[in-house]
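Descriptive analysis of the structure
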Amino acid sequence: MPHQLMAVQGDITSLAVDAIVNAANESLLGGGGVDGAIHRAAGPQLLAYCRDLGGCPTGEARITPGFRLPARHVIHTVGPVWQGGQAEEEAILASCYRNCLRLAAEHGLRSLAFPAISTGAFGFPLRRATRIAIQEIRDFMATNEMPMSILMVAFDEDTLGVIESTLQEVS
Ligand code: APR
């Protein structure tokens, strides 16, 4: 079965996929945005589990159970804070996607959903972030069996439009 990469609009916490990605911070102890939504939906066991992980450096990823989420797992990654583009932000964001994909493949996960990492509170320009995401996902899919199906989840219509147009651009 060929790989699938699709853009969808919605709430990532509602997706019954093998793993959803969380745009976390280095403490892994929750926050606002998608991080807050995922912790609310997963329930308090997620926070308890994360406490034992001892945090996550920017650019890296950690996997946990999904607990009360419909998703089986959560892959937490910490994106770069946008500082104007001269502090390796693009390379760090690329490593977030690669590390999430690597963890998913290591755990034999078939389906994976990404939010638009770093494009909210961390201020990364959306189109630039989307190009990086698509490039990393496509490179990974070209050389790895799993995951088979990847969703890029937009929380709002504008974000969906940017993801869809960028998918067209780079196809
Ligand atoms: N489902 C899907 N996407 C969502 C959801 C949701 N329920 N809630 C928010 N988003 C989208 C935002 O609209 C944005 O496009 O996720 C994207 C990332 O935005 P943030 O959640 O603000 O994440 P980020 O920019 O990476 O900042 C991370 O914010 O919440 C804190 O603890 C987190 O310190 C960390 C920082």
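Presented here is an overview of the structure given in this document. (Residues numbered from 1 in each chain as written. Predicted model: local features only at pLDDT ≥ 70, side-chain atom pairs only at ≥ 80, totals over all residues. Heavy atoms only, no water.)

Remarks on helix 3 (residues 89-106)
Basically, it comes down to this: Numbered from the N terminus, helices here are DSSP runs of H or I no shorter than four residues, and strands are runs of E no shorter than two. To estimate how far a helix should reach, multiply one less than its number of residues by 1.5 Å. Burial classes follow relative accessibility: with a 1.4 Å probe on protein chains only, a residue under 20% of its type's maximum area counts as buried, one over 50% as exposed, and anything between as partly exposed. Throughout, a contact is declared for two residues whenever any of their heavy atoms are within 4.5 Å.
For helix 3, spanning 18 residues, the distance from its first C-alpha to its last is 26 Å, which sits close to the expected 26 Å at 1.5 Å a residue. All of the buried residues in helix 3 are Glu89, Leu93, Ala94, Ser95, Cys96, Tyr97, Asn99, Cys100, Leu101, Leu103 and Ala104. Contact partners of the buried residues in helix 3: strand 2 (19-23), strand 3 (61-65), strand 4 (73-77), strand 5 (111-114), helix 4 (126-143) and strand 6 (149-154). Positioned one or two residues after helix 3, Gly108 has a phi angle of 65°, which is positive.

Looking at the site of the ligand
This is how the line gets drawn: Whether a residue is near a molecule or strand depends on its heavy atoms: it is near if one of them lies within 4 Å of it. What qualifies as a polar contact is a pair of N or O atoms within 3.5 Å, subject to a donor-acceptor requirement within protein and to the restriction that residues adjacent in sequence count only when both atoms come from side chains. Three classes are used, and their members are as follows: Ala, Val, Leu, Ile, Met, Phe, Trp, Tyr, Cys and Pro are nonpolar, Asp, Glu, Lys and Arg are charged, and the others, Gly among them, are polar.
Near the ligand there are 20 residues, and of these Asn25, Gly32, Val34, Asp35 and Gly120 occur at the shortest range. The separation between an oxygen atom of the ligand and a polar side-chain atom of Asp35 is 2.7 Å. Separating an oxygen atom of the ligand from a backbone N or O atom of Phe122 is a distance of 3.1 Å. Here the shell around the ligand takes four residues from helix 1 (residues 33-42), the largest share from any one element. Partitioning the shell around the ligand into residue classes produces nine nonpolar, nine polar and two charged.

Overview of the sheet that holds strand 1 (residues 4-9)
Here is the rule: One requirement defines pairing of two strands: DSSP has to find at least two bridges between them. Axis lines are fitted through C-alpha atoms, for helices just across the contact stretch, and the angle between N-to-C directions can take any value from 0 to 180 degrees.
Overall, mixed pairing links the six strands, which are arranged 1-6-5-2-4-3 in an open sheet. Each having just a single partner strand, strand 1 and strand 3 make up the two edges of the open sheet. Going across the sheet, the axis of each strand differs from the next one's by a mean of 25°, ignoring polarity. Sheet analysis places strand 5 next to strand 6, joined by four bridges and oriented parallel. What sits directly across from Phe114, in strand 6, is Met152. Here helix 1 sits on the sheet and contacts strand 2 and strand 4; the angle it forms with strand 2, its principal contact strand, is near 130°. Those strands touched by helix 4 are strand 1, strand 5 and strand 6, and its axis lies near 170° from that of strand 6.

What about the packing of helix 1 against helix 2 (residues 44-51)?
Selection criterion: An angle below 35 degrees is read as roughly parallel, one above 145 as roughly antiparallel, one from 65 to 115 as roughly perpendicular, and any other as oblique.
Here helix 1 crosses helix 2 at 115°, and the two axes come no closer than 5 Å. With respect to each other, helix 1 and helix 2 are oriented roughly perpendicular. Contacts between helix 1 and helix 2 pair Ile38, His39 and Ala42 from the former with Pro44, Leu46, Leu47 and Cys50 from the latter. Its residues placed into classes, the contact of helix 1 with helix 2 shows six nonpolar, one polar and no charged.

Regarding the side chain of Thr64
By the secondary structure assignment, Thr64 is in strand 3. A polar atom in the side chain of Thr64 sits 3.0 Å from the side chain of His76.

Focus on the packing of helix 3 against helix 4
Heads up, the condition is: Here is the rule for handedness: rotate from the far helix to the near one, and if that takes an anticlockwise turn smaller than a right angle the crossing is left-handed, while a clockwise turn gives right-handed.
Direction vectors running N to C along helix 3 and helix 4 enclose 35°, while the axes themselves pass 9 Å from each other. Both helix 3 and helix 4 take part in a crossing whose hand is right-handed. Residues Glu90, Leu93, Ala94, Tyr97, Arg98, Leu101, Arg102 and Ala105 of helix 3 form the contact with helix 4, whose participating residues are Arg128, Ala129, Ile132, Ala133, Glu136, Ile137 and Phe140. For the contact of helix 3 with helix 4, the residue count by class is 10 nonpolar, no polar and five charged.

Observations regarding the environment of Ala23
On the secondary structure map, Ala23 appears in strand 2. Counting along the chain gives 98 residues from Ala23 to Ala121, while the straight-line C-alpha distance between them is 10.0 Å. With residues up to four places along the chain from it excluded, the contact list for Ala23 reads Val34, Asp35, Thr77, Pro115 and Ile117.

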